[in-house]
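# Structural characterization, general
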Number of protein chains: 2
Amino acid sequence: MLHQKPAHDQTAMPDYAPHSHPHPSARDLIAAHGGRVTRTRIAVIETLQAAQHPLSHDEIGAALAAADIAHDRVTLYRALDWLVEQGIAQRIAGGERAWRFEIRHDGAHRHAHFHCDRCGQILCLEEVPTETSPALPAGFELDRTELVLHGACADCGRQGAKAGTR
Amino acid sequence: MLHQKPAHDQTAMPDYAPHSHPHPSARDLIAAHGGRVTRTRIAVIETLQAAQHPLSHDEIGAALAAADIAHDRVTLYRALDWLVEQGIAQRIAGGERAWRFEIRHDGAHRHAHFHCDRCGQILCLEEVPTETSPALPAGFELDRTELVLHGACADCGRQGAKAGTR
DNA sequence: ATTCAAATGCTACAATGTTGCATCAAAAGC
DNA sequence: GCTTTTGATGCAACATTGTAGCATTTGAAT
Ligand SMILES: [Mn+2]
Ligand SMILES: [Mn+2]
Ligand SMILES: [Zn+2]
Ligand SMILES: [Zn+2]
């Protein structure tokens, strides 16, 4: 239930702008998709909207706790499942075998991510668009493309040049 | 310990060509990296070399079992860890929160993957190169890029057009 | 205020991966 | 070949991440 990496600590909803474009109100989003407007869903959406990088279930849970919003693990999993089903959020297979979530951007605003294979940090690369569709085998339908750049972040690169790849 | 998807069943080392280019001998590869040549490592490498798509720990374990190579779960995890550390194999964050592994191709032969979000199938897209490096923040080092196309495979697309996104 | 499906909160469980430590065996030295 | 050394293995116990079932609560429609 606790953060392992105090570096990315990102608890209660911050006040800086998210991905540099405005976001619709959480209540409206939920209602527009025919869901019930609950404290948990509102807080999850607002947390994701405010985040500068995709958040893990654990990180989102910490944000809810910091905002004094009672919830249990399973409820949060289900809220996230619902957001993904609705296309409001998307799952990203970040490194550490735990999903990460972020608001799903449409068309122009989609972007790639950088994943540090040493410390696990994930960074949104706003400038790098995810490449558009190449030829797929017959019958295959493309939904979205995910581009992840792997390597070492500035912090990890500086120290131990030859640490574990993992 | 059993396969869930008989469709991708890929047990004992098959005899067809892998990614359509030849592979170095497993023993040589291991020795060249200063590791001990053990049955487990040899079999894991040969299994990966023969595979047409990235394999999960479970699938590789099944292949070892089919080849009558005794091993335990942890040993296999460690063999795979070692291959990744050495840069012989690479981990791919396939959907189902389980790593998938494949031989790491160099330069020209790197390719993208297609992931079916309905049935979980993963396909190597030999023709689609992973895009080359864009601008990264100062100090960041790029190791490799991972391009995953998400959508529905031919089988899944045909049936239920509007199933679960997940 | 009443109604009722949609969300929630437990508890119990499954799947995937990790750690510690005793034992085994690959390969190097003799 | 025999011994030695240390990397690799096997086993047991544990951690993390995510799911399923079911009783209870609550959003929102009437
Ligand atoms: Mn992002
Ligand atoms: Mn591949
Ligand atoms: Zn890092
Ligand atoms: Zn499919």
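Residues numbered from 1 in each chain as written. Chains lettered and ligands numbered in written order. Predicted model: local features only at pLDDT ≥ 70, side-chain atom pairs only at ≥ 80, totals over all residues. Heavy atoms only, no water.

### Looking at the sheet that holds strand 1 (residues 55–56) of chain A
Residues and elements named next belong to chain A. If you walk across this open sheet you meet the three strands as 1-3-2, and the pairing is antiparallel. With partners counted over all chains shown, the strands left at the sheet margins are strand 1 and strand 2 (89–92), one partner each. Summarising the sheet, strand 1 and strand 3 (residues 100–103) pair through two bridges and their orientation is antiparallel. Bridge assignment links Leu55 to a residue of strand 3, and that residue is Phe101. Against the sheet, helix 4 (residues 73–86) makes contact with strand 2 and strand 3, and its axis sits at roughly 110 degrees relative to strand 2, the strand it touches most. (Pairing = 2+ DSSP bridges. Helix = DSSP H or I, 4+ residues; strand = E, 2+ residues; numbered from the N terminus. Contact = heavy atoms within 4.5 Å. Axes fitted to C-alpha atoms, helices over the stretch in contact; angles between N-to-C directions.)

### Some remarks on the interface of chain A and chain B
Each partner contributes residues to the interface: chain A has 38 residues there, and chain B has 37 residues. Contact between chain A and chain B buries roughly 3200 Å² in total, counting both sides, with carbon and sulfur atoms accounting for 62%. There are zero salt bridges connecting chain A and chain B. Inspection of the region where chain A meets chain B yields ten residue pairs in polar contact (both at pLDDT 80 or more). With twelve residues, the single largest contributor to the side of chain A that touches chain B is strand 6 (residues 141–152) of chain A. Within the side of chain A that touches chain B, the residues separate by chemical class into 20 nonpolar, eight polar and ten charged. Of the pairings in the sheet, the one linking strand 6 of chain A to strand 6 (residues 141–152) of chain B comprises eleven bridges and is antiparallel in character. Bridged to Glu146 of chain A within strand 6 of chain B is Val148 of chain B. (Buried area = accessible area lost by both parts, 1.4 Å probe. Salt bridge = Lys/Arg side-chain N within 4 Å of Asp/Glu carboxyl O. Polar contact = N/O pair within 3.5 Å; in protein donor to acceptor, adjacent residues only side chain to side chain. Nonpolar A, V, L, I, M, F, W, Y, C, P; charged D, E, K, R; others polar.)

### Here's the deal with the coordination of the zinc ion (ligand 4)
Residues and elements named next belong to chain B. On the protein side, the zinc ion (ligand 4) has Cys116 (SG), Cys119 (SG), Cys153 (SG) and Cys156 (SG) as donor atoms, found 2.2 to 2.4 Å from it. Viewed at the metal, the four donor atoms of the zinc ion (ligand 4) are separated by angles of 102 to 120 degrees, and the geometry they form is tetrahedral. Every donor residue of the zinc ion (ligand 4) comes from the same chain, spaced as C-x2-C-x33-C-x2-C. We classify Cys116 as buried; its relative accessible area is 1%. (Donors = N, O, S within 2.8 Å, 3.2 Å for Na, K, Ca; no water. Tetrahedral: all angles 85-135°; square planar, octahedral: opposite > 155°, others 65-115°. Buried < 20%, exposed > 50% of the residue type's maximum accessible area, 1.4 Å probe, protein only.)

### A look at the packing of helix 2 (residues 39–50) of chain A against helix 3 (residues 57–66) of chain A
Residues and elements named next belong to chain A. At a closest axis distance of 10 Å, the pairing of helix 2 and helix 3 adopts a crossing angle of 115 degrees. Taken as a pair, helix 2 and helix 3 cross one another with a handedness that is right-handed. Packed against helix 2, whose contacting residues are Thr40, Ala43, Val44, Thr47 and Leu48, the element helix 3 presents Ile60, Ala63 and Leu64 at the interface. (Left-handed = near helix turned anticlockwise from the far one by under 90°.)

### Description of the nonpolar core
Soluble globular proteins: nonpolar side chains tend toward being buried together. Leu48 of chain A together with Leu48 of chain B are the most contacted members of the largest nonpolar core, which totals 48 residues. When residues no more than four places from it in sequence are discounted, the contact partners of Leu48 of chain B are Leu55, Ile60, Leu83, Ala89, Phe101, Glu102 and Ile103 of chain B. (Core = buried A, V, L, I, M, F, W, Y, C linked by side-chain atoms within 4.5 Å.)

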